[in-house]
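Residues per chain are reported as follows:
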Amino acid sequence: MRIPIEECVKFSEVDYYTLRDGAEKTFNSSWKIDNNSYINDAVMELLIDYAKRGYKVGQLFKEKCSNVGSSGYQYQITPTCSVCGEHKAIILPKTQILNLINNEGVYTCKNCVKRIKEDEKRQKQEEKARKELEQNIEKANNTEDFIAGYLNPNMSWNQSVKMRDRYASISNAFVNWSVVEEHIKSMKYHDFLNTPYWKAVAYEVKRKRNFRCELCGSNNKLAVHHKTYENHGKEHISLVMKNDLIVLCDSCHKKFHDIVED
Ligand SMILES: [Zn+2]
Ligand SMILES: [Zn+2]
Ligand SMILES: [Zn+2]
């Protein structure tokens, strides 16, 4: 007997018995569901499973589409997309039909899956852009404060901040370093030498060299001398400190300059 497709839209307990009892087992162990369609035991089980659970997944009917080797036949089902409501035939292997059943019968069409993924991606990008913007604003504010404080020749370190801790306040600052660098370059060099920034960096360099002149070992009136100004504005970077700055005592320093100022 023919199983009307419409009756398969939503199976009920009765429908499934109708399905099983109405179908006719044929000579080759298939179930004949109409004059043109036969289903095998596996598909019958699927149909029954749908029916028992009462899933409204749309029309489900057997259509042997292709033999895909050991994984068996593929079957066409016509589920309703849970998002857009589209009702369209898709061809799936049995395992995926089972997955659909195990997923509480909730089916989402390819287009909707794609759109949902794109939405998620866009949301993530927007979130990222918003965070970047917030960080840039924070950085800009910090940079202003940094310049007004650490790069102000008239400011000095709060005595409560230990000498050896000062460099960390500089180097760990969340600021726009290229703006800092430009600002330093725009300063008069003499002013730069009086900034809390330079004082903290210079102290850190001396500390790292054990408070000794790197030429003679003296500890008399140590100065931090620039071997090159190529990286002026980036003195806080440890590689610059290491390569560009040298600790010299007063007399060794005088050998480098007629007038000692840095
Ligand atoms: Zn959809
Ligand atoms: Zn020396
Ligand atoms: Zn010097």
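Quick note: structure is the one above.
Going along each chain's sequence as written, the residues are numbered from 1 onward. Key to labels: chains lettered from A, ligands numbered from 1, both in the order written. At least 70 in pLDDT is required for a residue's local features to be given in this predicted model, at least 80 for side-chain atom pairs to be given and counted, and no such filter applies to totals for whole chains, interfaces and linings, which use all residues.

Asks: With reference to specific residues and values, describe the overall build of the chain.
Replies: Here a strand is any run of E in DSSP of at least two residues, a helix any run of H or I of at least four, and the numbering for each starts at the N terminus. From N to C terminus, the chain includes ten helices and eight strands. In this scheme the burial state of a residue depends on its C-beta neighbours within 10 Å: 20 or more other such atoms mean buried, 12 or fewer mean exposed, and anything in between means partly exposed; the C-beta positions come from the backbone. Going through the 262 residues of the chain one by one, you find that 23% of them count as buried.

Asks: Residue-level account of the packing of helix H4 (residues 110-149) against helix H6 (residues 177-186), with values.
Replies: Following both chains from N to C, one finds H4 and H6 inclined at 25°, their axes separated by 10 Å at the closest point. The pairing of H4 with H6 is recorded here as roughly parallel in orientation. Crossing hand, H4 versus H6: right-handed. Counting all contacts with H4, which are made through Thr 143, Phe 146 and Ile 147, the residues of H6 involved are Val 179, Val 180 and His 183. When the residues that make up the contact of H4 with H6 are grouped by side-chain class, the tally is four nonpolar, two polar and no charged. As a rule, the C-alpha atoms of each element are fitted with a line to give its axis, helices using only the stretch in contact, and angles between N-to-C directions run from 0 to 180 degrees. Note on terminology: angles under 35 degrees are roughly parallel, angles over 145 are roughly antiparallel, angles of 65 to 115 are roughly perpendicular, and the others are oblique. For a crossing to be left-handed, the near helix must be turned anticlockwise from the far one by less than a right angle; the clockwise case is right-handed. Once C-beta atoms have been placed from the backbone, residue pairs whose C-beta atoms lie within 7 Å are recorded as contacts. Lys, Arg, Asp and Glu make up the charged group, whereas Ala, Val, Leu, Ile, Met, Phe, Trp, Tyr, Cys and Pro make up the nonpolar group; the residues left over, Gly among them, are polar.

Asks: Account for the nonpolar core, naming residues and giving values.
Replies: When buried Ala, Val, Leu, Ile, Met, Phe, Trp, Tyr and Cys residues are joined through C-beta atoms within 7 Å, the set is termed a nonpolar core. Ranked by size, the top nonpolar core spans 25 residues in total, and within it Ile 170, Tyr 197, Val 201, Val 205, Val 224 and Val 247 carry the most contacts. For this core, the secondary-structure elements that each account for two or more residues are helix H5 (163-171), H6, helix H8 (196-208), strand S7 (223-226) and strand S8 (245-248).

Asks: Go over unusual backbone geometry with me, naming the residues and quoting the values.
Replies: Its identity is not glycine, yet Phe 211 carries a phi of approximately 55°, on the positive side. As for its position among the elements, Phe 211 is in the loop between H8 and S7. Its identity is not glycine, yet Lys 221 carries a phi of approximately 45°, on the positive side. Summarising the element assignment, Lys 221 is placed in the loop between H8 and S7.

Asks: I'd like to hear about the packing of H5 against H8, residue by residue, with values.
Replies: Geometrically, a packed helix pair is captured by the angle between its two axes and the distance between the axes. Across the interface, H5 lies against H8 with an axial gap of 8 Å and an inter-helix angle of 120°. Here H5 lies oblique to H8, going by the angle between them. In this structure, the crossing between H5 and H8 has a hand that is left-handed. In this structure, H5 contributes Met 163, Arg 164, Arg 166, Tyr 167 and Ile 170 to the contact, and H8 contributes Tyr 197, Ala 200, Val 201, Tyr 203, Glu 204 and Arg 207. Taken together, the residues of the contact of H5 with H8 sort by class into seven nonpolar, no polar and four charged.

Asks: Could you give an account of the environment of Ser 218, naming the residues involved and the relevant values?
Replies: Tracing the backbone shows Ser 218 in the loop between H8 and S7. We classify Ser 218 as partly exposed; it has 14 C-beta atoms within 10 Å. C-alpha of Ser 218 to C-alpha of Asp 250: the two residues are 32 residues apart in sequence and 9.0 Å apart in space. Sequence-distant contacts of Ser 218, defined by excluding residues within four places in its chain, comprise Cys 213 and Cys 249.

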